[in-house]
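# Understanding the architecture of this molecule
What follows is the residue order along each chain.
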Amino acid sequence: MLGACAFGSFLGGALSKQSNLTSQTLVAGNTLQVAGLAAILGLFHRRGDGALGLPLLLGLTALHGLGVGLAFAACTMIAAIEAREGDLAAAQGAVAQARVFGGALGLATCTILFSERLQRELGSNGSSLGREELVQVLRNLMAVLNLPDEVRHEVLTVYLNAFKGQIMVMTVVAVVALVLSLGTYRRSGPRQVIGVMVRHQELAAARTRGGDHGWERGAKGEDDRMRGEAEMSPISSKRPVIHQ
């Protein structure tokens, strides 16, 4: 998934290199996310035991990761081309912080759902898993390998059901993101992303040069003001008399 996400980020930038396809890229990325997550969820409902083949699961998660990478690249470019030159740094920082906050919030939500599901089903009186074994399983998933076969099957079934609940939440979030991304389309937007970025660089360079000249003029004016105040002071007016 991480490799597909990195490739999607590269691909998203390449798609908008010549023409502005940021909105289309964002919609396509969210569509791939919904397709990958919905396919995993559909396979869970199709197979009664909840078992998924590892190659198929990895392929669907890679599809989801590709969509995430496309969406990341599109959001970064949209913030760059839609923001004014003076707000460019703030816009880029907001997008970066939103990505970190969203990742932390999603990880916390999935972890809470997972732990609550395990404690509710494996910690009940009807479960064959003991209290100490449950604590070991919650601390380290590899502890499942040391359990008896019938208990191990029960734990794995609960794990798969918890994973299905996480996929359901992620699918709902992806669908909401897809609907919201449809509002980013503009007919009269910039035609080239590179041209907008070059313009930002030119304005930043002009501001830097203007700031340097302004600082020099300000420093020279401050020296002239201080020199004038020194000449008009009583001490400086008495210096010719003292020299005489």
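Our structure is the block above this text.
In what follows, the accompanying structure is described. (Residues numbered from 1 in each chain as written. Predicted model: local features only at pLDDT ≥ 70, side-chain atom pairs only at ≥ 80, totals over all residues. Heavy atoms only, no water.)

Two quantities define a packed helix pair, namely the angle between the axes and the distance from one axis to the other. Viewed as axis vectors pointing N to C, helix 3 (residues 54-82) and helix 4 (residues 88-122) meet at an angle of 155°, and their least axial separation amounts to 8 Å. Relative to helix 4, the element helix 3 is oriented roughly antiparallel. Crossing handedness for the pair helix 3 and helix 4: right-handed. Every residue of helix 4 that contacts helix 3 at Phe72, Cys75, Thr76, Ala79 and Ala80 is listed here: Leu88, Ala91, Gln92, Val95 and Arg99. Residues belonging to the contact of helix 3 with helix 4 are distributed by class as follows: seven nonpolar, two polar and one charged. (Axes fitted to C-alpha atoms, helices over the stretch in contact; angles between N-to-C directions. Helix = DSSP H or I, 4+ residues; strand = E, 2+ residues; numbered from the N terminus. Parallel < 35°, antiparallel > 145°, perpendicular 65-115°, else oblique. Left-handed = near helix turned anticlockwise from the far one by under 90°. Contact = heavy atoms within 4.5 Å. Nonpolar A, V, L, I, M, F, W, Y, C, P; charged D, E, K, R; others polar.)

Attention now moves to a nonpolar patch on the surface. Taken together, the side chains of Leu113, Val169 and Val173 define a hydrophobic patch exposed on the protein surface, amounting to about 210 Å² of accessible area. When you line up the elements, Leu113 lands in helix 4. Take Leu113: its relative accessible area is 34%, and that puts it in the partly exposed class. (Patch = residues over 30% accessible without salt bridge, like charges linked within 9 Å, V, L, I, M, F, W, Y side chains within 5 Å. Areas by Shrake-Rupley, 256 points an atom, 1.4 Å probe, with all protein chains shown as cover. Salt bridge = Lys/Arg side-chain N within 4 Å of Asp/Glu carboxyl O. Buried < 20%, exposed > 50% of the residue type's maximum accessible area, 1.4 Å probe, protein only.)

This paragraph deals with the packing of helix 1 (residues 2-15) against helix 3. The contact between helix 1 and helix 3 brings their axes to 7 Å, and the two run at 40°. With respect to helix 3, the element helix 1 is oriented oblique. As helix 1 packs across helix 3, the resulting crossing turns out to be right-handed. When helix 1 is examined against helix 3, the residues Ala4, Cys5, Phe7, Gly8, Ser9, Leu11, Gly12 and Gly13 are found in contact with a partner set consisting of Ala62, Gly65, Leu66, Val68, Gly69, Leu70, Phe72, Ala73 and Met77. In terms of residue class, the contact of helix 1 with helix 3 is built from 11 nonpolar, six polar and no charged.

Okay, the packing of aromatic side chains next. All chains considered together, the criterion is met by one aromatic pair. Arranged with centres 4.9 Å apart and planes meeting at 65°, the rings of Phe114 and Tyr159 form a pair that is edge-to-face. Residue Phe114 is found in helix 4, and its partner Tyr159 is found in helix 6 (residues 149-181); the two are separated by 45 residues along the sequence. On the basis of relative accessibility, which here comes to 21%, the residue Phe114 falls in the partly exposed class. Residue class for Tyr159 comes out buried when judged on its relative accessible area of 14%. If you follow Arg99 out to its NZ or CZ, it ends over the ring of Phe72, 4.1 Å from the centre. (Phe/Tyr/Trp six-rings, centres within 6.5 Å; stacked < 30°, edge-to-face > 60°. Lys NZ or Arg CZ within 6 Å of the ring centre and 35° of its normal.)

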